[in-house]
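What the coordinates show
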Amino acid sequence: MAKSKSGKTRVSSAAVKEIPSSVPEQDHRATRTPTPARAGSRQKGKAREVAMPPRAVATPEPKSTGSHPSMHDEDVIMQDTHPDNVTASYDEETTEPADDLPMEDAPQRSKASSSRKRPASPRKAVYKTAVRATSGTPSLASSARAAKRAKNHHTAATRVFALWKQDAAYFSGVVYERGSAADRFKIQFDDGDEDMVDVKNMRRLELHVDDRVSIVESQDKAVIVNADAQERGTVLVQLLDDDAASEFEVAVTAIKIQSRAVTSQWRDRVITAEELVPLLAPAAAVKTETPTSLRASGASLARKALAHVGVVVTFSAGCNREKEREDMVRIIKTSGGTCLDDWSDVWPLSGEYGAGRKRWVVGEQSVGTALQQEVQQVFLVSDAANSKPRYLTALALGIPCLSVDWLKALSSSKCIVADWPQYLLPAGYSDSLGARVTQLVDFDWGKTLDHLTDVMSNSVPTKLFAGQSVLVVGQEYFPPPAKGKKGSSGVGDEKSEGGRFVPRIILSMGAARVETVPDAKHASGKKFDYVIVKDLHERPADIAGTYVSMEWVKDCLIAGRLFPPP
């Protein structure tokens, strides 16, 4: 049984004809019960009920009188034309628009429906099924669906990846009609949802090798390894968290691209309003789903809870937390996670020394990426909000800072990694506001590797020093060169918290250039946008700029806004 977007239960009448395969075990149809919805889940996609073996052809049975037309989730039309051109039909009973903010040019029949969102499975499925050879026959085509095609519409319309804001991800769909604005179109997504989308939030339906994507059904992160067959509606992908590095075929319509991945990788696939060809008559969306090669196996990988997750542990000042820290580290390791000493384990910072090694300069280009193969998400865990350097750096980069209760719940199987938003700590206490403030984080953090590989471009946290030049003055803030090394770059004194972190915090807050000197006389210039000093009463007379203290910087970072300088 499956639910339509209207919330009514509909019964699939599709029968499956099996074509004998070379693997006897695959010559039968397996069924599975969809994962029950977890509280708070509102992800795009439908729960599946029937898992068909590879090379099975879905053939619908005649629908009974007075019932809804057979629109089983397994029915898929694989067009022989280029994926940019599709044919669609209109079914008044089975098509309802997306649930989004009201739009003035949306049809009146558009009504919000929360029942269509598919809950995320508590455990992702890993598919070990061998890749089947691509056949000239549309193996998932439904003849009944084809028979419904209307005769009064264009036989071709532009197919795109369009943004579905509720999930902050791009899904495949067809351009249905132009909206009241010239750059706004109604999109019919391939799972039946509809929404009005600005052309700036669309991309060409063109997948490239190395594109980072997610599987809609399982939420697995994957990378495209072969896109040669996308004209026939499929691509070859490899799961990022599959130790076996197996490859399998997946329908183009069964993948999604996270918004951050589009921002990083899809600049060459922007599309203009003039290029879009909408359907001229109402048409039902082509509901294509994950291919049978993905659904044939009900096996799931028994991964540990924190597999591919890196965690920085820090505790608030005051009492000795060494025992509790050891407990947290033990949970991380036994749960398959990676303990990170600090953020330099993931993003090493390499600056340039000058003025006889009395000046250290860093910019955005100074931040490298040293991702380990097993780390695809990072978090900070603490007992409480604090103003320690690791915590402040996480706030500046938009890395979620979570309560230790998250690790405890994971270790007792009371939650999964994706439940992290429930364990967010406050950003901290703002003296200027007289209140604890929430963090500014991306709710979809970790769903794409771009959150790690392009962390300095994360626009969710407020970049208070965006484009500014900042001079940091003070011996306690200056990172001395590593002893015994003659190179011009690198940071020594690994035990110096200020030397390691203050320039990084300022850079993470958006500064274009951060210059750190033990004394103002070593500064490279006489004018900066901001000058950070330990004591505001000791201001160098010959350097111009807005003088602030590190305490002021912390308060602004916690509050997410610039306060008047002291």
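Everything in this summary refers to the structure shown in the same document. Owing to the predicted nature of the structure, the values given are computational and were not obtained by experimental measurement.

Section: the overall build of the chain
In terms of regular secondary structure, the chain is built from nine helices and 28 strands. Taken over 566 residues, the chain has a buried fraction of 54%. Counting contacts in the chain only where the partners sit at least 6 residues apart, residues at least 24 apart contribute 69% of the total. Working note: accessible area of the chain is about 24900 Å², and carbon and sulfur atoms make up 51% of it.

Quick look at the packing of helix H5 (residues 389–397) against helix H9 (residues 550–559)
It is the contact of H5 with H9, at a shortest axis distance of 10 Å, that shows an interaxial angle of 50 degrees. As far as their axial angle goes, H9 and H5 are oblique. The two elements H5 and H9 cross, and the hand of that crossing is left-handed. Counted together, Leu392, Leu395 and Ala396 of H5 and Lys554, Leu557 and Ile558 of H9 form the full contact between these two elements.

Observations regarding the pairing of strand E10 (residues 194–198)
As a general feature of sheets, a regular strand has side chains that alternate between the two faces. Along E10, four of the five residues are buried, which leaves the element largely enclosed by surrounding structure. Direction of pairing for strand E9 (residues 184–189) relative to E10: antiparallel, over a ladder of five bridges. Looking at the pairing, Phe185 lines up with Val197 of E10. Between E9 and the antiparallel strand that follows it, E10, lie four residues; Gly192 among them carries a positive phi value of about 100 degrees.

What to know about the sheet that holds strand E19 (residues 352–354)
The six strands are arranged E19-E20-E26-E25-E27-E28 in an open sheet whose pairing can be described as mixed. With partners counted over all chains shown, the strands left at the sheet margins are E19 and strand E28 (544–549), one partner each. The mean inter-strand angle of the sheet, taken between neighbouring strand axes irrespective of direction, is 25 degrees. Contacting strand E27 (527–533) and E28, H9 crosses the sheet at an angle of about 75 degrees to E28.

Here is what the cut-offs are and how they apply
- Residues numbered from 1 in each chain as written.
- Predicted model: local features only at pLDDT ≥ 70, side-chain atom pairs only at ≥ 80, totals over all residues.
- Heavy atoms only, no water.
- Helix = DSSP H or I, 4+ residues; strand = E, 2+ residues; numbered from the N terminus.
- Buried < 20%, exposed > 50% of the residue type's maximum accessible area, 1.4 Å probe, protein only.
- Contact = heavy atoms within 4.5 Å.
- Areas by Shrake-Rupley, 256 points an atom, 1.4 Å probe, with all protein chains shown as cover.
- Axes fitted to C-alpha atoms, helices over the stretch in contact; angles between N-to-C directions.
- Parallel < 35°, antiparallel > 145°, perpendicular 65-115°, else oblique.
- Left-handed = near helix turned anticlockwise from the far one by under 90°.
- Pairing = 2+ DSSP bridges.

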